[in-house]
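# Examining the three-dimensional arrangement
The residues making up each chain are set out below.
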Amino acid sequence: MNHQRVQELVHELIKEIGEDPEREGLKETPKRVAKAWEYLLQGYKKDATQVINGALFEQELNNMIVVRDIELYSLCEHHMLPFFGRCHIGYISRGKVLGVSKLARIVDMYARRLQIQERLTNQIATTIKDVLNAEGVGVVIEAQHLCMMMRGVEKQNSLLTTSSVLGSFRDEDSTRMEFMSLINRQR
Ligand code: ZN
């Protein structure tokens, strides 16, 4: 992302809105917006190998591992407005597991791009499956979209839920149900 160019564009945008980009409160805004977007869209600069950085651990028992309530902040690609919520991840390994912080970083890597929730959910699931060569993976995201909450129909409390199940989570009903019951347990 070219900072200078983004600043110029935001400056233009402020003018087009009918505001004065030179007034006190807006003077530094193009710079701040460019900086904010660079942070919010840093996922483009990362890939799974780099994010995981070899931090796989051996584990003998291949039980289901479930991590709930990973915080998630993303930008919808249709309106470039935030959507945010929680991501729940479950997987059954074949001897290799990932630390919780790495799971969170995988979520961030894909969330900090322009996204739709469905694709984000799939990308997280596929990456975990591939990286761990996992027997099965399930990912559920529950999120609220500001583009729905602030405009149009203003459905303030609507929560969009998406899921992606791969391997044994897709093929075996009992495995999928175990995952769903673990993530839905009383908080
Ligand atoms: Zn949107």
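Residues numbered from 1 in each chain as written. Predicted model: local features only at pLDDT ≥ 70, side-chain atom pairs only at ≥ 80, totals over all residues. Heavy atoms only, no water.

## Topic: the pattern of salt bridges
Just so we agree on the cut-off: What counts as a salt bridge is simple: a side-chain nitrogen of Lys or Arg found within 4 Å of a carboxyl oxygen of Asp or Glu. A helix here means a DSSP run of H or I that spans at least four residues, while a strand means a run of E at least two residues long, and both kinds are numbered starting from the N terminus. The cut-offs for exposure are 20% and 50% of the maximum accessible area for each residue type, with area from a 1.4 Å probe on protein chains only; residues under the lower value are buried, those over the upper are exposed, and the others partly exposed.
Tallying each qualifying case throughout the model produces ten salt bridges. Close ionic contact of Asp173 with Arg176 constitutes a salt bridge, the shortest N to O distance being 2.7 Å. One end of the pair, Asp173, and the other, Arg176, are both in helix α8 (residues 173-184), three residues apart, so they sit about a helical turn from each other. By relative accessible area, Asp173 is classed as partly exposed at 48%.

## Some details on the coordination of the zinc ion
Short version of the rule: The rule for donors is simple: N, O or S, within 2.8 Å of the metal, or within 3.2 Å if the metal is Na, K or Ca. Water isn't counted, so a site may look like it is missing partners.
Taken together, the protein ligands of the zinc ion are Cys76 (SG), His79 (ND1) and Cys147 (SG), with distances of 2.2 to 2.3 Å. Read from N- to C-terminus, the donor residues coordinating the zinc ion fall into the pattern C-x2-H-x67-C. The class of Cys76 is buried, set by a relative accessible area of 4%. We classify His79 as partly exposed; its relative accessible area is 34%.

## With respect to the packing of helix α4 (residues 100-111) against helix α5 (residues 117-132)
For clarity, the cut-off: For helices, the axis comes from a line fit to the C-alpha atoms of the stretch in contact; other axes are also lines fit to C-alpha atoms, and the angle between any two N-to-C directions lies between 0 and 180 degrees. Here roughly perpendicular refers to angles of 65 to 115 degrees, roughly parallel to angles under 35, roughly antiparallel to angles over 145, and oblique to all remaining angles. The handedness criterion is simple: a crossing whose near helix is rotated anticlockwise from the far helix by less than a right angle is left-handed, and one whose near helix is rotated clockwise is right-handed. Any two residues having at least one pair of non-hydrogen atoms within 4.5 Å are treated as being in contact. Ten residues, namely Ala, Val, Leu, Ile, Met, Phe, Trp, Tyr, Cys and Pro, are considered nonpolar, four, namely Asp, Glu, Lys and Arg, are considered charged, and the remaining ones, Gly among them, are considered polar.
It is the contact of α4 with α5, at a shortest axis distance of 10 Å, that shows an interaxial angle of 140 degrees. Viewed along their axes, α4 and α5 adopt a mutual orientation that is oblique. In this structure, α4 crosses over α5, and the sense of that crossing is right-handed. On α5, the residues that touch Leu103, Ile106, Val107, Tyr110 and Ala111 of α4 are Leu120, Gln123, Ile124, Thr127 and Ile128. Here the contact of α4 with α5 is built from residues that sort into eight nonpolar, two polar and no charged.

## Describing helix α1 (residues 3-17)
Along an α-helix, residues three or four positions apart point the same way, because every turn accommodates 3.6 residues. Heads up, the condition is: In this analysis, the expected span of each helix is defined as 1.5 Å times one less than the number of residues it contains. As used here, the arc belongs to the directions running from the helix axis to the C-beta atoms. Identification of polar contacts relies on pairs of N or O atoms within 3.5 Å, with a donor-acceptor requirement for protein atoms, meaning one able to donate a hydrogen and the other able to accept it, and with residues adjacent in sequence counted only if both atoms are side-chain atoms.
Over its 15 residues, α1 extends 21 Å from the first C-alpha to the last, a length consistent with the 21 Å expected when each residue adds 1.5 Å. For α1, the set of buried residues is Val6, Gln7, Val10 and Ile14. On an axial view of α1, the arc spanned by its buried residues comes to 100 degrees, and they lie on one face. Two or three places before Gln4, at the opening of α1, Asn2 has a side-chain oxygen 3.1 Å from that residue's backbone nitrogen. A positive phi of about 100 degrees marks Gly18, the residue just after α1.

## Quick look at the environment of Gln50
With respect to the secondary-structure elements, Gln50 resides in helix α3 (residues 48-52). Sequence separation between Gln50 and Ser163 is 113 residues, and the spatial gap between their C-alpha atoms is 25 Å.

## Notes on unusual backbone geometry
Positioned with a positive phi, Asp69 is a non-glycine residue whose angle comes to about 60 degrees. Relative to the helices and strands, Asp69 resides in strand β2 (residues 64-76). A positive phi angle, near 50 degrees, is found at Asn133, a position not held by glycine. Note that Asn133 resides in the loop between α5 and β6 (136-145).

## Observations regarding the nonpolar core
Note the cut-off: For our purposes a nonpolar core is just a set of buried Ala, Val, Leu, Ile, Met, Phe, Trp, Tyr and Cys residues, chained together by side-chain atoms within 4.5 Å.
Ranked by internal contacts, the top residues of the largest apolar core, which has 31 residues, are Cys87, Ile89, Tyr91, Ile124 and Ile128. Element by element, the count of residues in this core is highest for α4, at six residues. Excluding its chain neighbours within four sequence positions, the residues that come into contact with Cys87 are Val67, Arg68, Asp69, Ile70, Leu72, Val107, Ile124, Val139, Val140 and Ile141. Core analysis: the next-biggest nonpolar cluster, separate from the first, contains six residues, Met64, Val140, Phe169 and Phe179 among them.

## Regarding the confidence of the model for the protein
Under the convention used in this document: Summary of the metric used: pLDDT quantifies the predictor's per-residue confidence within the range 0 to 100.
Averaged over the protein, the pLDDT score is 93; the fraction of residues at 70 or greater is 97%. Per-element mean pLDDT across the protein ranges from 86 in strand β1 (residues 56-58) up to 98 in strand β5 (residues 114-115).

## Remarks on the side chain of Gln115
Inspection of the secondary structure assignment puts Gln115 in strand β5. Look at Gln115 and you get buried, because its relative accessible area is 2%. Within the structure, the side chain of Gln115 is placed 2.8 Å from the side chain of Gln123, a separation counted as a polar contact. Sequence-distant contacts of Gln115, that is, excluding residues within four places in its chain, are made with Ser74, Leu75, Cys76, Glu77, Phe83, Tyr110, Leu120 and Gln123.

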